[in-house]
Amino acid sequence: MNRFKQTVQKYEQSSFYLLLIGLLAALFFSATFVINRAISLEGGHWYWTASLRFFYTVLFLAMGFVFFKDFAYLKKILKDYVNSFWFYTISGTIGFGFFYSMICYASDFSPGWVVATTWQLTIIASLIVLSFFGKKVSKLTWVFTIIVFLGVTIVNLGHFSMDSLDLLLLGFIPVFIAAFSYPLGNQLIWEEKKRRKEINSSNTILDNAFAKVFLLTLGSFPFWIILFFITEPTYPSSGQFMSVAIVSLLSGVIATSLFLYARSIANSSSKLVIVDASQSGEVFFALIAEMIFLSALAPSVTSLFGIFLTIFGLILLVKFGK
């Protein structure tokens, strides 16, 4: 084990190593789009695909806190949740509730690789959210975001025709909403962490990335309860329970851990760029997996052009955008 650890440490600062870990994270992240699409094609209701994932997330994280920390640490997190119930409910509803319910809803109308491509809009949305909170964004960055937006639009128009405008909108608009909801929820909790430091609060719960995910997940639970009564979904099958558990493990635990690990060992901005840009691999992994496992049709030439334009814009954005 020590020899393996020494070997890994030897290559940790290699750009190729970081790219490899980033692409591995993207591979596991892409499972979300493919499995969600498979559940939809089998008739599983999107509500359960969305809500069950967060139930599993709470379960997995709670077990992790107890195992790697102790039960007292879990109680400390739960106390923070109770003390800031309304904050976590609002930020969790926006950042996790709106975000993932829209992603799963869109899977009923669009292939996973289309959803994965459209999801890249979250980078643009992040810039807009940051601007809303007073952060400065350069004009060059906005130029690159327009390239990404054009690429995503071309992918959607290339996959659907104007004769199926309703499917186009039902597949695009929910992901568009999700792309803004996710960074907004994350920014709200970032601002809360900043506020606590400014008032010299001794509460350090939000310094733990996994604790933040746990708290936002708990905060989304009231949303899932209300949504249940609004949608009145049919009961999920045993297969859907299993599929969502796999998504939670692959994307919520493994992919997130790999991505955070790669970012934590990147010791320069150029290496951070490599890790961030590698996530565009989700589009290709989702496309290949759907073609192999779900017999999805190959994308049109127009859609392929849109994919490459999207990824080109993302690379420019993370490398030169400020």
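Residues numbered from 1 in each chain as written. Predicted model: local features only at pLDDT ≥ 70, side-chain atom pairs only at ≥ 80, totals over all residues. Heavy atoms only, no water.

Engineer: Just give me the short version of the packing of aromatic side chains, but keep the residues and values in it.
Structural biologist: A complete count under the given rule lists 32 aromatic pairs for this structure. With centroids separated by 5.5 Å and ring planes inclined at 25 degrees, the aromatic side chains of phenylalanine 54 and tryptophan 224 adopt a geometry described as stacked. Taken together, the positions of phenylalanine 54 in helix H3 (residues 46–68) and tryptophan 224 in helix H10 (residues 209–231) put the pair 170 residues apart, joining distant regions of the chain. With a centroid separation of 5.3 Å and an interplanar angle of 80 degrees, the aromatic rings of phenylalanine 228 and phenylalanine 229 are classed as edge-to-face. (Phe/Tyr/Trp six-rings, centres within 6.5 Å; stacked < 30°, edge-to-face > 60°. Helix = DSSP H or I, 4+ residues; strand = E, 2+ residues; numbered from the N terminus.)

Engineer: Run through the environment of leucine 170, naming residues and quoting values.
Structural biologist: Mapped onto the elements, leucine 170 comes out in helix H9 (residues 165–198). A C-alpha to C-alpha distance of 8.7 Å links leucine 170 and aspartate 108, two positions 62 residues apart in sequence. Not counting the four nearest positions on each side in its chain, leucine 170 is found in contact with Tyr105, Ala106 and Phe109. (Contact = heavy atoms within 4.5 Å.)

Engineer: Quick rundown of the layout of surface pockets? Include the residues and the values.
Structural biologist: Each pocket or cavity is described by its volume, and for the second largest pocket that value is around 160 Å³. In this structure, the second largest pocket is lined by Tyr47, Trp48, Ser51, Leu52, Phe55, Phe221, Trp224 and Ile225. Of all the elements in the fold, those that place two or more residues in the lining of the second largest pocket are H3 and H10. Per element, the largest residue contribution to the lining of the second largest pocket is 5 residues, and it comes from H3. Looking at the lining of the second largest pocket residue by residue, the class counts come to 7 nonpolar, 1 polar and no charged. (1 Å grid on protein atoms, 1.4 Å probe; cavity = no way out; pocket = protein on both sides within 12 Å on 5 of 7 lines; lining within 4 Å. Points joined across faces, edges and corners; volume = space filled by probe spheres on them. Nonpolar A, V, L, I, M, F, W, Y, C, P; charged D, E, K, R; others polar.)

Engineer: Report on the pattern of salt bridges, specifying residues and quantitative values.
Structural biologist: Per the stated rule, a full pass over the model turns up 4 salt bridges. Residue arginine 196 pairs with aspartate 80 through a salt bridge whose shortest N-O separation is 3.2 Å. Residue arginine 196 is found in helix H9, and its partner aspartate 80 is found in helix H4 (residues 71–83); the two are separated by 116 residues along the sequence. The exposure class of arginine 196 is buried, given its relative accessible area of 6%. Judged by relative accessible area, which is 5%, aspartate 80 ranks as buried. Arginine 196 is the salt-bridge partner of glutamate 192, the closest N and O atoms lying 3.0 Å from each other. Taken together, the residues span about one helical turn, with glutamate 192 and arginine 196 both in helix H9 at a distance of 4 residues. Linked through salt bridges whose partners overlap, the residues forming this network are Asp80, Glu192, Arg195 and Arg196. (Salt bridge = Lys/Arg side-chain N within 4 Å of Asp/Glu carboxyl O. Buried < 20%, exposed > 50% of the residue type's maximum accessible area, 1.4 Å probe, protein only.)

Geometric values such as these leave the question of function open.
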